Amino acid sequence: MHFSSENKPTQRISPYTQMAAYYDKIMIHVNYPRWAHYVETIFRQQKFDFNEKLLDIGCGTGKFLAEMEKLEYNGDGCEPSQTMRAIAKNRLPKSTIYPCGLPQLSDIPVEEYSLMVCLYDTMNYLADETAFQQSLSSIYRKLKTPGIFIFDLVSEFHCKSYFKNYIDSEVLNENVAYSLESQYDSAKKIQYTWVRVYTPEGVFEEKHCQKIFDFDQVREIIKTTDFELINVYDEFSSDKATARTGRGHFVLKKV
């Protein structure tokens, strides 16, 4: 590397700001084509296809939407992070990327989208059960009738298995490196992740907090809404989620 950040103070910033420019490189392990094909399979099982409009809630840099576009889906997104949103807009010039997020979805038009998804831990960023219920209510109100909503959650089993005192780091190029440090607080049921980006300008640190909801608890929250719960699937399969499921996909329907 051609720089040193050792003597420069760490600047603490909001999640998905400095990290956004390098997000796709940091998350290169994420198999977006697999995720897109999995979601499409569920859509088709529930009698929906590419003729319906799709909204990706918390679309990030737009990689999932780009994969769905390859499958002929007309997709838009919403993303509260300005820096992530700018990358998504550049990647998806035909798509609308709304500057909003959960729980309100304030900029999303009512009953324009028959298909909605919220993937890759986005729902885990909701602070508590109240925010979760408010988010489902907003999504139900905005979703077209009939419509389908798919979201995923990571489980406590996943956090304890893979992210207990997890550390990772990589040099991305001659000017930038990053480090990840994760800890799971089992008492608070919160997964904490500190992302540090090392640049010639200094070190930037983002603190990410993810609430780990019990799947049965989420099923009870869903019952307070008008959604019909179709199923909770284990990982990327058609099997029902179990106590050892690391990531569950929830499929909800508005009829």
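Residues numbered from 1 in each chain as written. Predicted model: local features only at pLDDT ≥ 70, side-chain atom pairs only at ≥ 80, totals over all residues. Heavy atoms only, no water.

S.K.: Looking at this model, I keep getting lost on the packing of aromatic side chains. Mind explaining?
M.R.: How two aromatic rings sit relative to each other is given by the distance of their centres and the angle of their planes. Tallied over the entire structure, the rule returns 16 aromatic pairs. Measuring from ring centre to ring centre gives 6.4 Å for Phe50 and Tyr73, while their planes differ by 80°; the resulting arrangement is edge-to-face. Of this pair, Phe50 sits in the loop between α2 (32-45) and β2 (54-57) while Tyr73 sits in the loop between α3 (63-70) and β3 (75-78), and the two are 23 residues apart along the sequence. Under the relative-accessibility criterion, Phe50 is labelled partly exposed at 30%. Taking the relative accessible area as the measure of exposure, Tyr73 reaches 3% and is therefore buried. Three or more aromatic residues link up through ring pairs in this structure, and these residues are Phe132, Tyr140, Phe149, Phe151, Phe213, Phe215, Phe227 and Phe250. The cationic tip of Lys254 hangs over the ring face of Tyr140; the distance from NZ or CZ to the ring centre is 4.7 Å. (Phe/Tyr/Trp six-rings, centres within 6.5 Å; stacked < 30°, edge-to-face > 60°. Helix = DSSP H or I, 4+ residues; strand = E, 2+ residues; numbered from the N terminus. Buried < 20%, exposed > 50% of the residue type's maximum accessible area, 1.4 Å probe, protein only. Lys NZ or Arg CZ within 6 Å of the ring centre and 35° of its normal.)

S.K.: How do you make sense of the nonpolar core when you look at a structure like this?
M.R.: Proteins that are soluble and globular tend to have nonpolar side chains buried together. Within the largest apolar cluster, 41 residues are counted, with the highest numbers of intra-cluster contacts made by Phe43 and Phe64. Taken together, the elements giving at least two residues each to this core come down to α1 (23-26), α2, α3, α4 (82-91), β5 (113-118), β6 (143-154), β8 (177-185) and β9 (190-199). Ranked by residue count, the leading element in this core is α2, at seven residues. Beyond its immediate stretch of four places on either side in the chain, Phe64 contacts Tyr32, Trp35, Ala36, Val39, Asp56, Val117 and Leu119. The next biggest cluster of nonpolar side chains, apart from the first, holds 31 residues, and it includes Leu105, Tyr113, Phe215 and Ile222. (Core = buried A, V, L, I, M, F, W, Y, C linked by side-chain atoms within 4.5 Å. Contact = heavy atoms within 4.5 Å.)

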